[in-house]
Amino acid sequence: MTIVAGVDFGTLSVRVTLVDSRKGPIGTASAPYPLHRKREDPNYATQSHADQMTALAAAAREALQNTGVSGAEVAAIAIDTTGSSVIPVGENLEPLDDYYLWCDHRAFAEAEEITQKAHQLGFEGIEWCGGVYSHEWGFAKLLHWLRHNPEKRARLITALEHCDMAAATLCGVTTVDALKRSACAMGHKWMWNPKWGGLPPEDFLVAIDPLLQGVRGKLGGQYLTSDHLAGHLTPQWAEKLGLRAGIPIPVGAFDAHWDAIGSHIREGDAVNVVGTSTCIIGIAREAQLVPGVCGVVPGSVHPQYTGIEAGLSAVGDIFEAIARRAATTVSALSEGLEQYKAGQTALLRLSWDNGDRTVLVNPELGGVTLGWNLVHTAQDELFAAIEGTAFHTRIILERMAEHGVRIDRVINAGGIPQKSEVLNRVYANVLNKPVLVPAGIPTSLGSGVFALLAAGAYKTIEEAQEAVCLPLRTVEPDAKTAAVYERLYPLYRDVYFALGRRDAGAASLGRVLPELRKIAAEVQKSAS
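These notes cover the structure that comes with them. (Residues numbered from 1 in each chain as written. Predicted model: local features only at pLDDT ≥ 70, side-chain atom pairs only at ≥ 80, totals over all residues. Heavy atoms only, no water.)

**Comments concerning the environment of Val-215**
For step 1, the next point in the chain: Among the secondary structure elements, Val-215 is positioned in helix H7 (residues 215–218).
For step 2, the next point in the chain: Residue Val-215 is classed as buried on the basis of its relative accessible area, which comes to 4%.
For step 3, the next point in the chain: Here Val-215 is in contact with Phe-139, Leu-142 and Leu-146, once residues within four sequence places are set aside. (Helix = DSSP H or I, 4+ residues; strand = E, 2+ residues; numbered from the N terminus. Buried < 20%, exposed > 50% of the residue type's maximum accessible area, 1.4 Å probe, protein only. Contact = heavy atoms within 4.5 Å.)

Following this line, the structure appears as structure tokens:
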């Protein structure tokens, strides 16, 4: 028997799960930290490294207390985080600023410049991240920081993804040369790939902006998959966490990628990690370019496969916003939602409230709801929003399948599927295929899998998954309901591409509102 700690840094809190090599998860604890927003700038979202590490110590000690496990029994600790969450650091890898969190969108102009320059110069890396560089990613955020912090530029030693910064802190790494960087983080968000020699070339970066001169050289260290070690826990941090000094810490990764591992992903699966946003994760032995998909990176999810990442920029955030505007909660607004029928609201809700991550990769879009009348309610909009996120997910999965990504199963992971059977049912019917749901929250369980590998408890990811992953239950589609969504989906798809693309031209959407009303009337008649 081996016990390890799996850590997941989310948007608002950190979760620590203790995992037994035979029993699976045996206990968990979480601790919050502030998310800094500015009402005058909705694109602004930052967090403090110190706040996060303080929360990690509190959660680790609480997890030990809750389970009665001695810290001396914990054989390894592994960390996943949000991303791209970027922190500029100076001498001894001390923070020069807070993290630009994944949902910080201030770098939209920089991202567009990177995209344009990559196509102009024919840099291959842009094609492997969907043809558009995102405002959510590393180089855009770092360039934005360089432009807006001239007084700190000279002190910049390097920039780090959150997962690498957290691991470096716990391991006592203080120099760039000693850094172990995540191939997952750098591949999906910084256009790193051995295919073209690692990071984008210096002349390309300087062509974007001379401020990037020398940055490539500063992003040093080893770039590794998570079957390698970042280092070992220092005595200082062992005391803070209540653990034993010297235990191994594997190279980290992004939360969604390890959530997929914790959800027992296999080739042919698409894992929807549904939370404040959604990440859609797949793996394949061989993968090709997928237009509009965020990243296709060798070893990013499973070291022996190519990882494919896509997703929605907001899901749970949209549900929360709808409830907040109605002066209530999502939980209260969801009461009775199970009585809703497909198409009954006559509303079509697009999930662009935080821009579009995939397949349009456009931060300038905003939420759209079509079909309002004078008696519609906030609950109607909530149901339409759930349908809309399912439709958007279908667009993404179809794009992946069109370009050779095999999708046999869909797994709904993350926190929201555990709370909302309505969401799982809608997704099964919109996708018209069974949706699998873990029997519990798999968050931080993927970290536990990699910690077990680092501790030597198992030799392969598959062995560890078989031992500790939660069972999956199946939500089957209903043929009658799925047939209604087969009529609604083309309407959604037409609106999605007509409003979401600058080059869409004069696509006629005149049929959309009448068809929504027609379908709603038929559903109401059938129900009565």
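**Let's talk about the nonpolar core**
For step 1, the next point in the chain: Counting 100 residues, the largest nonpolar core has Tyr-133, Phe-139, Trp-190, Phe-319, Met-400 and Tyr-496 as the members making the most contacts within it.
For step 2, the next point in the chain: The dominant element in this core, judged by the number of residues it contributes, is helix H12 (residues 378–402), at 10 residues.
For step 3, the next point in the chain: If we skip the residues at most four places from it in the chain, Trp-190 touches Ser-84, Val-86, Tyr-133, Gly-138, Phe-139, Leu-142, Ala-159, Glu-161, Ala-185, Leu-199, Pro-200 and Leu-219.
For step 4, the next point in the chain: Core analysis: the next-biggest nonpolar cluster, separate from the first, contains 46 residues, Val-14, Ala-63, Ala-168 and Ile-249 among them. (Core = buried A, V, L, I, M, F, W, Y, C linked by side-chain atoms within 4.5 Å.)

**Some remarks on the sheet that holds strand E18 (residues 306–312)**
For step 1, the next point in the chain: Read across the sheet, seven strands follow the order E17-E18-E16-E15-E21-E22-E23 without closing on themselves; strand pairing throughout is mixed. The sheet terminates laterally at strand E17 (295–298) and strand E23 (472–475), the two strands that pair on one side only. Recorded for the sheet is a direction-independent mean angle of 25° between the axes of neighbouring strands.
For step 2, the next point in the chain: Of the strand pairs in this sheet, strand E15 (residues 269–274) and strand E21 (residues 409–413) are connected by five bridges, and their pairing is parallel. Among the inter-strand pairings, Asn-272 is bridged to a residue of E21, identified as Asn-412. (Pairing = 2+ DSSP bridges. Axes fitted to C-alpha atoms, helices over the stretch in contact; angles between N-to-C directions.)

**Remarks on the pairing of strand E5 (residues 41–47)**
For step 1, the next point in the chain: Bridging between strand E4 (residues 36–38) and E5 involves two bridges; their strand directions are antiparallel. Residue pairing across strands places His-36 opposite Thr-46, the latter belonging to E5.

**Things to note about the packing of helix H15 (residues 445–455) against helix H16 (residues 461–468)**
For step 1, the next point in the chain: Packing of H15 against H16 brings their axes to within 9 Å, and their N-to-C directions diverge by 125°. The pairing of H15 with H16 is recorded here as oblique in orientation. Considering how the two elements wind past one another, H15 and H16 form a crossing that is right-handed. Along its contact with H15, which presents Leu-445, Val-449, Phe-450, Leu-452 and Leu-453, the element H16 presents Ile-461, Ala-464 and Val-468.
For step 2, the next point in the chain: Looking at the contact of H15 with H16, its residues break down into eight nonpolar, no polar and no charged. (Parallel < 35°, antiparallel > 145°, perpendicular 65-115°, else oblique. Left-handed = near helix turned anticlockwise from the far one by under 90°. Nonpolar A, V, L, I, M, F, W, Y, C, P; charged D, E, K, R; others polar.)

**Quick word on the pairing of E18**
Within a regular strand, side chains alternate between the sheet's two faces.
For step 1, the next point in the chain: By the criterion of burial, E18 is predominantly enclosed, with seven of the seven residues buried.
For step 2, the next point in the chain: Judged by which residues are buried, E18 turns out to be covered on both faces: Thr-306, Ile-308, Ala-310 and Leu-312 on one side and Gly-307, Glu-309 and Gly-311 on the other are all buried.
For step 3, the next point in the chain: As judged from the seven bridges shared by strand E16 (residues 278–284) and E18, these two strands associate in the antiparallel manner. The partner of Gly-282 across the bridge, within E18, is Ile-308.
For step 4, the next point in the chain: Of the strand pairs in this sheet, E17 and E18 are connected by four bridges, and their pairing is antiparallel. Each residue of the ladder has a partner; that of Val-297, found in E18, is Gly-307.

**Here we look at the environment of Ile-26**
For step 1, the next point in the chain: Turning to its location among the elements, Ile-26 is positioned in strand E3 (residues 24–32).
For step 2, the next point in the chain: Separated by 40 residues in sequence, Ile-26 and Asn-66 place their C-alpha atoms 9.5 Å apart.
For step 3, the next point in the chain: Other than its neighbours up to four places away in sequence, Ile-26 contacts Ile-3, Leu-18, Asp-20, Thr-67 and Val-69.

**Examining the packing of aromatic side chains**
For step 1, the next point in the chain: Summed over all chains, the structure comprises 14 aromatic pairs.
For step 2, the next point in the chain: A centroid spacing of 4.8 Å and a plane angle of 65° characterise the contact between Phe-139 and Trp-190, whose relative ring orientation is edge-to-face. Taken together, the positions of Phe-139 in helix H3 (residues 138–148) and Trp-190 in the loop between helix H5 (183–189) and helix H6 (202–208) put the pair 51 residues apart, joining distant regions of the chain. For the pair Phe-139 and Trp-190, a shared accessibility class is recorded, and that class is buried.
For step 3, the next point in the chain: Members of the aromatic cluster, joined through ring pairs, are Trp-352, Phe-391, Tyr-485, Tyr-489, Tyr-492, Tyr-496 and Phe-497.
For step 4, the next point in the chain: Taking NZ or CZ as reference, Lys-38 lies 4.4 Å from the ring centre of Tyr-44, over its face. (Phe/Tyr/Trp six-rings, centres within 6.5 Å; stacked < 30°, edge-to-face > 60°. Lys NZ or Arg CZ within 6 Å of the ring centre and 35° of its normal.)

**Regarding the pattern of salt bridges**
For step 1, the next point in the chain: A complete count under the given rule lists 21 salt bridges for this structure.
For step 2, the next point in the chain: Put simply, Glu-113 and Arg-147 hold a salt bridge, and the shortest N to O gap is 2.7 Å. In this pair, Glu-113 sits in helix H2 (residues 108–121) while Arg-147 sits in helix H3, placing the two residues 34 residues apart along the sequence.
For step 3, the next point in the chain: Arg-147 gets classed as partly exposed once you look at its relative accessible area, which sits at 25%.
For step 4, the next point in the chain: Residues joined by salt bridges that share partners form a network here, namely Glu-110, Glu-113, Arg-147 and Asp-209. (Salt bridge = Lys/Arg side-chain N within 4 Å of Asp/Glu carboxyl O.)

**A closer look at the sheet that holds E3**
For step 1, the next point in the chain: Pairing is mixed across the open sheet formed by five strands, whose spatial order is E3-E2-E1-E6-E14. Here the strands that pair on one side only, and so sit at the sheet edges, are E3 and strand E14 (253–254).
For step 2, the next point in the chain: As judged from the seven bridges shared by strand E1 (residues 3–9) and strand E2 (residues 13–20), these two strands associate in the antiparallel manner. Bridged to Gly-6 within E2 is Thr-17.
For step 3, the next point in the chain: Lying on the sheet, helix H1 (residues 49–67) is in contact with E1, E2, E3 and strand E6 (74–81); it crosses E3 at an angle near 140°.

All quantities given are derived from atomic positions and should not be read as evidence of function.
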